[in-house]
Amino acid sequence: MRRAALASLAVPAAQLAVAAPRSGSRGPGLLTVAGAIGAGNRKALDPALDQMMVKQKIAFDRAQVFDFAALAALPAVEIAPTLEYDAKPHRLRGPRLEAVLKASGASTEGGGQVLLRAVDGYTVPLSFADMRRYGFIVATHLDGAPMALGGLGPLWAVYDADRHADMAAKPVNERFALCPWGLYFIEVQRG
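For every chain, the first residue of the written sequence is number 1, and numbering continues from 1 along that sequence. A pLDDT threshold of at least 70 governs which residues receive local features in this predicted model, and a stricter bar of 80 or more applies before side-chain atom pairs are shown or counted, although totals over entire chains, interfaces and linings include all residues. Hydrogens are left out, water is left out, and the side-chain values use all remaining heavy atoms of the structure.

S.K.: Describe the pairing of strand β6 (residues 112–118), listing the residues and the values that go with them.
M.R.: For a regular strand, side chains alternate in direction, first toward one face of the sheet and then toward the other. Per-residue accessibility, obtained with a 1.4 Å probe over protein chains only, is compared with the maximum for each type, and a residue is labelled buried under 20%, exposed over 50%, and partly exposed between these values. Only DSSP runs of H or I reaching four residues or more are called helices, and only runs of E reaching two or more are called strands; each is numbered from the N terminus. With five of seven residues buried, β6 is to be regarded as a mostly interior element. In this sheet, strand β12 (residues 183–190) lies alongside β6 in antiparallel orientation, the contact comprising seven bridges. Residue pairing for β12: V114 is matched across the bridge by V188. A pair of strands is labelled paired if DSSP reports no fewer than 2 bridges between them. Direction of pairing for β6 relative to strand β7 (residues 123–127): antiparallel, over a ladder of five bridges. Paired with R117 across the two strands is T123, which belongs to β7. If you look at the hairpin formed by β6 and β7, you'll find four residues sitting between the two strands, and G121 has a positive phi there, around 95°.

S.K.: Please provide a residue-by-residue account of the pattern of salt bridges, values included.
M.R.: Every case where a carboxyl oxygen of Asp or Glu lies within 4 Å of a side-chain nitrogen of Lys or Arg is listed as a salt bridge. This model, assessed by the stated rule, comprises nine salt bridges. In this structure, R91 and E78 form a salt bridge, with 3.8 Å as the shortest nitrogen-oxygen distance. Taken together, the residues span a long stretch of sequence, with R91 in the loop between β4 (76–79) and β5 (92–95) and E78 in strand β4 at a distance of 13 residues. Here R163 ties to D160 by a salt bridge, and the two come within 3.6 Å at their closest N and O atoms. Ionic contacts of the salt-bridge type, sharing partners, join the residues E98, K102 and R132 into one network.

S.K.: Would you mind going over the side chain of R42 in detail, with residue names and values included?
M.R.: The topology assignment puts R42 in strand β2 (residues 42–43). Overall, the relative accessible area of 6% leaves R42 in the buried class. A distance of 3.2 Å separates a polar atom in the side chain of R42 from the backbone oxygen of A44. For the purposes of these results, a polar contact is taken to be a pair of N or O atoms within 3.5 Å, where, inside protein, one atom must be able to donate a hydrogen and its partner to accept one; residues adjacent in sequence count only when each atom of the pair is a side-chain atom.

S.K.: Can you break down the sheet that holds strand β3 (residues 62–66) residue by residue, with the values?
M.R.: The strand order β2-β3-β1-β12-β6-β7 describes an open sheet built from six strands, whose pairing is mixed. The strands lining the two open edges of the sheet, one partner per strand, are β2 and β7. In this sheet, β3 lies alongside strand β1 (residues 31–35) in antiparallel orientation, the contact comprising four bridges. Within β3, the position partnered with A34 by the bridge is A63.

S.K.: Describe the environment of A99, and please don't skip the residues or the numbers.
M.R.: Within the secondary structure, A99 sits in helix α5 (residues 97–103). On the basis of relative accessibility, which here comes to 26%, the residue A99 falls in the partly exposed class. Sequence separation between A99 and L74 is 25 residues; the distance between their C-alpha atoms is 7.4 Å.

S.K.: Account for unusual backbone geometry, naming residues and giving values.
M.R.: The omega angle of the peptide bond from G153 to P154 is 10°, so this bond is cis rather than trans. Following the sequence through the fold, P154 ends up in the loop between β10 (145–146) and β11 (156–158). Of note, A87 is a non-glycine position whose phi angle comes to about 55°, a positive value. Unusually for a residue other than glycine, D143 sits at a positive phi of about 50°. Note that D143 resides in the loop between β9 (141–142) and β10.

S.K.: Outline a nonpolar patch on the surface, listing residues and values.
M.R.: The grouping of M52, V119 and L149 at the surface amounts to a nonpolar patch, some 270 Å² of accessible area in total. Residue position: V119 is located in the loop between β6 and β7. The partly exposed category is assigned to V119, whose relative accessible area is 31%. Patch membership needs two things, relative accessible area over 30% and no salt bridge, and members are linked within 9 Å if like-charged or within 5 Å if nonpolar (Val, Leu, Ile, Met, Phe, Trp, Tyr). Note on areas: these come from Shrake-Rupley sampling with a 1.4 Å probe, and a residue is covered only by the protein chains present in the view.

S.K.: Tell me about the packing of aromatic side chains, and name the residues and values.
M.R.: Where two aromatic rings form a pair, the distance of their centres and the angle of their planes describe that pair. Planes of paired rings set the category: under 30 degrees apart is stacked, over 60 is edge-to-face and the rest tilted, where pairs are Phe, Tyr or Trp rings (Trp by its six-membered ring) whose centres lie within 6.5 Å. On inspection of all chains with the given rule, the structure shows six aromatic pairs. Seen in terms of ring centroids, Y159 and F176 are 6.1 Å apart; in terms of plane orientation they differ by 45°. Their pairing is tilted. Of the two residues, Y159 sits in the loop between β11 and α7 (165–168) while F176 sits in the loop between α7 and β12, which places them 17 residues apart along the sequence. Their ring planes at 50° and their centres at 6.4 Å tell us that Y184 and F185 sit as a pair that is tilted. What makes F185 buried here is its relative accessible area of 3%. Members of the aromatic cluster, joined through ring pairs, are Y134, F136, W156, Y159 and F176.

None of this, on its own, says anything about what the molecule does.
Right, here's the structure in full:
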């Protein structure tokens, strides 16, 4: 009985393909980068099938979509900030945000910013200058394990606040306002 109930919740593979990049995909798309990017690997937002993006008033005519394998293929760095949730240092690993943008064909030279959007709609504007100054990463792993949806993942735009005097001077619960967990969409805006 329980198996039958679980089987009824299964999503056909053809429906999962909608969320994946249109070429070279190995898994479902986790991160969509749009705006001032290169050619991209997916076409415009689909108002019927991209419901979360539509509800959050996102629009794009092309995008670069990354699955977990594509993000894991980028050079990774590890940071160890003290997190606000338990006031303990944790190891976070993933590619630099700037590397993700460059893999999307975006130029981060000169003025500009990104809008980092989480699955709950929380959106943070982050200048290219602050992205570089703080060394933002797109964390895929927490303490050596992939991050799950429902926790801080599967992706988290984050930096090591302990390593920056202006942020380390703040109480730990005020250091991560620029860091949306559950990151799924980035819009690149040129200055």
